[in-house]
Each structure stands twice: as C-alpha cells, then as structure tokens.
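# Reading the structure
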Amino acid sequence: MDIAEAEGDAGVGARTVSAGEGEREPHPSDSLRTFGAVVQALREHAGLSRGDLAAVVQYSKHTVESVELGRRMPDEAFIERAEEALGNTGALRRAARHLSRGEVGLAAWFRRWARLEREAVSLCTYECRLVPGLLQSEAYARAVFEGTIPLRTDAELEAQLTARMKRQAMMRERPTVPFSFIVEEHVFRRRFGDAEAMRGLVDHVLECSAPRNVTLQVVPLEAGLHACLDGPVRILETQEGRRVGYSEGQENGRLISDRKEVSLLCQRYETLRSQALSPTESRALLERLRGEL
C-alpha cells in the first residue's frame with residue numbers, strides 16, 4: 001500500500017530483497033553510521049585522537065565524535081578536510097556519495113524503488129489491496145494512514161501525506177512517460193468515509209487517469225481467477241532499458257532485479273492486461289460506481 005506505499009503502499013518497515021538476496025534497505029541513519037565508522041577507522045589507523053582530527057579539520061571534538069557515531073551529517077568542508085588529513089585515499093569522498101538522512105514520509109524499504117521510479121521511462125502497477133498511491137485522493141490517503149498500526153503522531157501522518165502527494169506530482173511532471181495501472185474492481189468498492197469522500201476518490205482517479213500517457217484498467221469481479229493472484233506487483237523500465245520489479249507485503253518490500261523473475265512478472269502483467277477491461281470500459285465502470293454512491 002502506499003504507507004502504505006508510506007509509501008510502500010504498505011507500511012513502515014523492514015527488508016528489501018534484490019536479485020534473490022536478503023538486502024535490507026538502509027535505515028535513514030545506517031549510511032551515517034557507516035561513514036562514521038570509516039572516519040574512525042582511518043583516524044585510528046593514522047594514530048590520531050578525536051581532538052587531533054578536530055584541530056586539523058577545524059571542527060570541534062564534539063562534531064568529530066557526532067560524525068563518527070553516525071549522529072551528524074558531515075558537510076562538504078568536513079569531508080574534504082578529513083579526506084586530506086586521513087591519507088587522501090578517496091575513501092571518504094566515495095563513502096560520502098551514499099550518505100542520506102532518509103526521505104521523510106517514505107518507508108525505509110520503499111526508498112530504493114521510489115528513486116528508480118522517479119527516473120523510469122515506463123511504470124506498470126497491479127494492485128489488489130487498495131487504490132495505488134499514485135492515484136489516491138488526499139482524503140483516501142489520509143484514511144489509509146490513520147488506519148495503520150502502530151498509530152502515527154499527527155506530525156508523522158502529515159509527513160506521510162505530504163510525501164504521497166509529492167510523489168503523485170511526477171505523473172503530471174512527466175507527460176511523456178507511460179504509466180499503466182491494473183486495479184481490481186473490489187478495491188474501488190471498498191468503502192471509506194461517507195459517500196462524498198467516495199465520490200471524491202473516484203473523481204480523483206478519473207482525473208489522474210485522463211492524460212494520454214496514463215492507462216487505467218479495471219479487473220471486473222466477474223473476471224474470476226487470473227495470473228497475478230500471488231499479489232500486487234510493479235514493474236518499471238530504466239533509462240538503460242533494464243526492467244526491475246517490486247512487490248511488498250506485511251512490513252516488507254522486495255526489489256526484484258533477476259532477469260528471469262522480472263520476465264515472469266512481465267508475462268503475468270501482460271496476460272492480466274488482456275483479461276482486464278479496456279481503458280474506456282474501465283472509466284465507464286468507475287463512472288457507474290460513482291453514480292451508485
């Protein structure tokens with residue numbers, strides 16, 4: 001889900017698996033701790049105390065300690081001076097490229113996908129649990145976030161909501177990138193709020209899917225069993241022509257780069273595309289559902 005998507009679409013969570021290996025997406029402070037450990041190792045190898053390094057880089061001993069413990073993001077001046085003071089091997093400059101405070105409002109295990117998504121030349125999404133995050137109305141997204149466990153503070157909820165709406169902007173900002181969505185009909189029938197809120201959701205989905213580069217297909221209830229019953233999936237194509245997949249569940253997200261596995265996901269998606277309603281039929285269905293509210 002986008003906290004779901006929170007952007008997974010589904011929670012604030014745990015692991016990311018890439019190419020079949022268990023790789024946990026770094027927690028916001030992991031990269032800082034790793035960089036700090038490199039600084040400490042080089043400092044100790046050079047036979048310097050924290051005070052000695054502080055004097056050379058022209059920062060306080062407290063700042064050096066905070067950087068080494070992963071509590072503080074070093075600025076460019078600190079990195080350059082420390083690099084020169086600790087052997088000028090290039091290790092700190094290279095390590096600094098991976099520094100990140102994390103992206104507010106996005107689950108740790110969703111961040112890698114979100115970065116790829118922003119640069120993708122095409123994006124396909126199949127969803128069977130809830131309205132995809134890129135199509136959610138603000139009221140729907142808020143209801144999703146408010147219903148998650150553990151409960152979020154008001155500040156956390158607003159950060160997640162802001163991240164969701166900001167993420168949606170890429171659909172408007174990238175009018176030549178194809179966005180394809182296949183969503184189960186029952187997702188749009190699941191009630192939240194009152195009739196006005198439901199109508200607002202349908203209106204928002206219709207508006208988001210109106211541009212020529214956006215395709216929305218609905219899998220009707222009568223379609224029966226199909227090839228994507230293993231769960232939601234997303235597939236994107238990079239600027240280099242490589243395809244990458246992503247799936248998520250309870251408290252986890254999985255980045256899929258193995259070519260055979262991604263090829264299988266593409267086959268399933270294309271098969272389901274042929275089984276779903278056409279874009280025109282899908283819009284008609286949504287308009288009919290709206291009239292029933």
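Data block above holds the structure.
How each quantity is defined
- Residues numbered from 1 in each chain as written.
- Predicted model: local features only at pLDDT ≥ 70, side-chain atom pairs only at ≥ 80, totals over all residues.
- Heavy atoms only, no water.
- Helix = DSSP H or I, 4+ residues; strand = E, 2+ residues; numbered from the N terminus.
- Contact = heavy atoms within 4.5 Å.
- Pairing = 2+ DSSP bridges.
- Phe/Tyr/Trp six-rings, centres within 6.5 Å; stacked < 30°, edge-to-face > 60°.
- Buried < 20%, exposed > 50% of the residue type's maximum accessible area, 1.4 Å probe, protein only.

## Comments concerning the side chain of Glu185
- Secondary-structure assignment places Glu185 in helix H9 (residues 185-189).
- Dropping the residues within four chain positions of it, Glu185 is found in contact with Val218, Val219, Pro220, Leu221, Glu222 and Leu285.

## Looking at the pairing of strand S8 (residues 252-256)
- Examined bridge by bridge, strand S7 (residues 243-249) and S8 share five bridges and lie antiparallel to one another. Across the sheet, residue Glu248 finds its bridge partner in S8, namely Gly253.
- In this antiparallel pair of consecutive strands, S7 and S8, the connection spans two residues, and Glu251 shows a positive phi of 60°.

## What to know about the packing of aromatic side chains
- The final tally for this structure, using the stated rule, is three aromatic pairs.
- Relative to Tyr246, the ring of Trp113 has its centre 5.4 Å away and its plane inclined at 25°; by these criteria the two rings are stacked. One end of the pair, Trp113, is in helix H6 (residues 111-119); the other, Tyr246, is in strand S7, and 133 residues separate them in sequence. As far as the burial class goes, Trp113 and Tyr246 line up, both buried.
- Arranged with centres 5.1 Å apart and planes meeting at 85°, the rings of Tyr140 and Phe192 form a pair that is edge-to-face. Here the residue Tyr140 occupies a position in helix H7 (residues 138-146), and Phe192 occupies one in the loop between H9 and helix H10 (195-208), the gap between them amounting to 52 residues. With respect to burial, Tyr140 and Phe192 carry one shared label: buried.

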